[in-house]
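Here are the chains, one letter per residue:
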Amino acid sequence: MARSRLSFSPDDRVNAFLTTCPEPEYGTGSLEGLAIAIKDNISTKGIPTTAGSRILEGYVPPYDAHVVSLLMANGAAIVGKTNMDEFGMGTTTENSAYGPTLNPHDTGRVPGGSSGGSAAAVASGMVRMALGSDTGGSIRCPAAFCGIVGLKPTYGRVSRYGLIAYANSLEQIGPMARTVMETSRLMQVIAGYDPRDSTSVDQPYCHTPEKNIQGRRIGVPEEFFGAGVDPVVAAKVWEAIEVLERKGADIVTCRMPAMAYALAAYYVTCVSEASSNLARFDGVRYGPAVDTKKPWHEAFQERRGTSFGKEVRRRIMLGTFALSSGYYGKYYAKAQSARQQVKSDFLRLFKEVDVIAGPTMPTIAFRLGEKADPLSMYLSDILTVPANLAGVPAISVPCGAVDGMPVGLQVMGRPFEDEVVIDTAYAYEQAVD
Amino acid sequence: MENLSAGTIPDSRSEQIPGQISSARGNPPISETDETIIGLEVHCQLDTVTKLFCACSTDYRSDGPNTHTCPVCLGLPGALPKINKRAVEYALRVAKALNCEVLPESVFSRKNYFYPDLDKAFQISQYDKPLAVGGHLIIEGENGEKLVRITRVHMEEDPGRLVHKGGVDRARYSLVDYNRAGIPLIEIVTEPDMRSPKEARRFLNKLRTTLEYLSVFDSDKEGSLRVDANISLQPEGWFDREKKSYKGRNRVEVKNISSYKGVEKALTFEITRQRNVIRKGQPIEQATRHFVETRGITTASRSKEEEHDYRYFPEPDLCPLRVSSWVDLIELPELPDARRARFIRQYGCSSNHARTLTGDLKLADFYEKVALKADPLLSATWVADTLIGELNYRDMGIGAVTPAHMTDLINLVESKTITDKNAIDVLRTILDGILKKEPAGTPSQIVARLDLGASESDVAPAAISEVIREQPQAIADYKSGKKGAFMFLIGQVMKKTRGKADPAELNRMLQAALDEGEQ
């Protein structure tokens, strides 16, 4: 296959990239010559992959993630690796060990996270498309804050092979782009069965967005406009829902009572899985060699104590606690049953409606440093985590601005109906364009 | 993990495996009638071609370190496990052969702990939903046949291996080899049903044989078997009477046993040690001890430091296994007990010969090949007694000889072409030749070359007439009724026939010749 080279030297004022590839190769195919940025927790053969962490400094994967192979096979040029909250743990990209990414709309504000680098790279025009990963909103939040489109696919639709795991049972790799059409185009390349991922489902995505939503039933849960949601943001999102209504959709208000447990279920699950996933970083195989005369078990504790960031250490400790003898039933097991309730709520609602809509984030992008208190940062994930708990597809599409900062409309759908979610977002985007 | 039935999520966890006895405090004085209560946890490598969760080859033993590895078995960030279907099939064969119930849904769990040979810092294992539960294996116990109950059978991956150049005490650093990481293991947990170290060893031998009959295990591979044993000494009847809620002495877990003989050694040592502790009036601490194979002893491990909280939780990267319907499709081969019965029935083997011959798959196959072309009963004696003895003496395995050689040899014996004594010499010649890598040829060739052919029909009569001619005094003694004279004459004849003649036949011929002379 003929390979060509692209020249890539972006003016990265917002610190979107951790690594750039100045002369990436590309081939032929549906993404021929398109510059695509990859979140730094997605393995790229020969290109450093740190997941935003010091502990992976210098790690160069010897293999490509499945999605990266697919991108290259379809002609894309991998132009660099984007900044992120360390191992995906954050909602602002401030938790990167390599400094925060700034929001291109206002460099005093965060781009959202954890795929903040990918969102900023697209929003600032450095790349057309990017891959992010979404564990509890990590694609949709930065898409909303940066005013781009981001899709968290149905769990199982995109292979996770090569994605550095944060919370395996929740996360998906997904496309980020400026338009729904481009998002869909990228989705078409990355979706599909991968035998190496046991949770992968054979459901390829072959779809061109369709804007006719005549008769589509859109559920709007009260809980998505409850306490904590900025009324101005809520109003913007209602306007967007009304646009969809004018285009022929039926709007049905509804309730999702299990939302009350969603955040707790989400955090217990993700910190538990993370505490296990990140245990392998013990200084033996990754990062600079530990130069110490201390015995191994002391040396690895020192390495983990100094090379992980504060938020990562906090979550590892929380997860270790939640899985501990005597607490498992109280925390992890209970979180799984709460998770089932969230799932049941979705499935019950999806008997009445085709999609569920609401705001992506309760507010516009935070100012840098605004969410210093971890709990208040966790609370801002309340509207995005339900889709991860239930494994359903969810998209964020820009729906105007508040104080000059973008607001995102979130649309969630039935499992493996990513197409319907895309179409609904497309209908809105085309209506206001 | 007591009271934990499949399907429930444990709220309070301990390291205990379901079915194992609970700890209790009690310190009754030692008595001759105390019972030894032994339960085993056996880890066996399944003899698959590829690893449990990736396509790396399992044939690593003769290759350099870290040459049989990939992102998956190195636990590289982002790599995902993919279950090896063949390994599941092997495990199901074992579960079926051990008469277990395969659960409708079994789940892989992560066992979390830090150790440099564990690349992901967790081992993918099974915890509250194992592959199979509730089976048994029949062994030859101290008092006849004995049923050892199997608590559970589950699958897990082997960790890598630490290598210490120059020995663990002298090495200045540790090296890690991940070739072994991801080799499929099966863990078989028994109920505490064994009552002596010998029974424990017999259980292991029977288990090994069964696994080999199933073609899922190769005991010749170094490190393919590892055993942890639980042992306690209990006042007579306490255990059986009160089952799992009894109040007796604590049990000790002996880890790090890696050979069949080691189990018996470790447990025998442990009985003596525990007796001595009890005699001194001290309580047995519930503890983990390590077996030091080279010294034949168990040593205390730093108890608190080694107490792990493994923080088990379901492996999110693997789907639950729903394979119970698959079990019905699995056809088991003939197992050791059935084969033993058949050997007795079909070949007329003695019970002991049948047990010996079927106690090892290769030996049983070897015997059947020989018995097809030679007298089965004679073959049983020659294979089970003579050949095994000669092989053991030379530290050789059954694979060293071919059934064709043995068939040839036994046919020579059966046709009385050679005597038993010379046949043994032929066998030794063959085995020594193999050891020296100088093939000695077939038994027939050796007999011809060394002129060992028995020939009482031609050599013996001549020798007898010669002796009668040369030993008139002895003949006279014989005729006057001296018993010793006959033995002397036989000795003289044998000397002349250089052992080629069958002694019983010679005896008969000499007797006849002497009786003839009298007439």
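None of the values given here were measured: they were computed from a predicted structure.

Engineer: Run through the pairing of strand S11 (residues 355-359) of chain A, naming residues and quoting values.
Structural biologist: Residues and elements named next belong to chain A. Counting buried residues along S11, five of its five residues qualify, which places the element largely inside the surrounding structure. Inspection of the sheet shows strand S9 (residues 217-221) paired to S11 by two bridges, in the parallel sense. Paired with glycine 219 across the strands is isoleucine 356, a residue of S11. Relative to strand S13 (residues 405-413), S11 runs antiparallel, the two sharing five bridges. Considered in S13, the bridge of isoleucine 356 is made with methionine 412.

Engineer: Tell me about the sheet that holds strand S10 (residues 250-254) of chain A, and please be specific about residues and values.
Structural biologist: Residue and element names in this part refer to chain A. The eleven strands lie next to each other as S2-S5-S4-S6-S8-S7-S12-S13-S11-S9-S10, forming an open sheet whose pairing is mixed. Only two strands of the sheet have a single partner each, and these edge strands are strand S2 (17-20) and S10. In this sheet, adjacent strand axes meet at a mean angle of 30° when their direction is disregarded. Along the sheet, helix H4 (residues 180-190) makes contact with strand S6 (129-134), strand S7 (149-152), strand S8 (172-177) and strand S12 (394-402), crossing S8 at roughly 145°. The strands touched by helix H5 (residues 231-246) are S9, S10, S11, S12 and S13; relative to S12, the strand with the most contacts, the crossing angle is about 115°.

Engineer: Quick one: what's the story with the environment of Cys146(A), residue by residue and with numbers?
Structural biologist: All names here are of chain A. If you trace the backbone, cysteine 146 turns up in helix H3 (residues 140-146). Accessibility expressed as a C-beta count within 10 Å gives 35 for cysteine 146, which makes it buried. Separated by 32 residues in sequence, cysteine 146 and arginine 178 place their C-alpha atoms 9.9 Å apart. Sequence-distant contacts of cysteine 146, that is, excluding residues within four places in its chain, are made with Asn103, Pro104, His105, Pro111, Gly112, Ala119, Ala120, Ala123 and Pro406.

Engineer: Quick one: what's the story with helix H12 (residues 418-432) of chain A, residue by residue and with numbers?
Structural biologist: All names here are of chain A. Over its 15 residues, H12 runs 22 Å from end to end, which matches the ideal 21 Å to within 8%, given 1.5 Å per residue. Turning to H12, its buried residues number three or more, namely Asp418, Val421, Ile422, Asp423, Thr424, Ala425, Tyr426, Ala427, Tyr428 and Glu429. Buried-residue contacts for H12 involve S7, H4, H5, S11, S12 and S13.

So, how was this worked out
- Residues numbered from 1 in each chain as written.
- Chains lettered and ligands numbered in written order.
- Predicted model: local features only at pLDDT ≥ 70, side-chain atom pairs only at ≥ 80, totals over all residues.
- Buried ≥ 20, exposed ≤ 12 C-beta atoms within 10 Å, placed from the backbone.
- Helix = DSSP H or I, 4+ residues; strand = E, 2+ residues; numbered from the N terminus.
- Pairing = 2+ DSSP bridges.
- Axes fitted to C-alpha atoms, helices over the stretch in contact; angles between N-to-C directions.
- Contact = placed C-beta atoms within 7 Å.
- Expected span 1.5 Å × (residues − 1).

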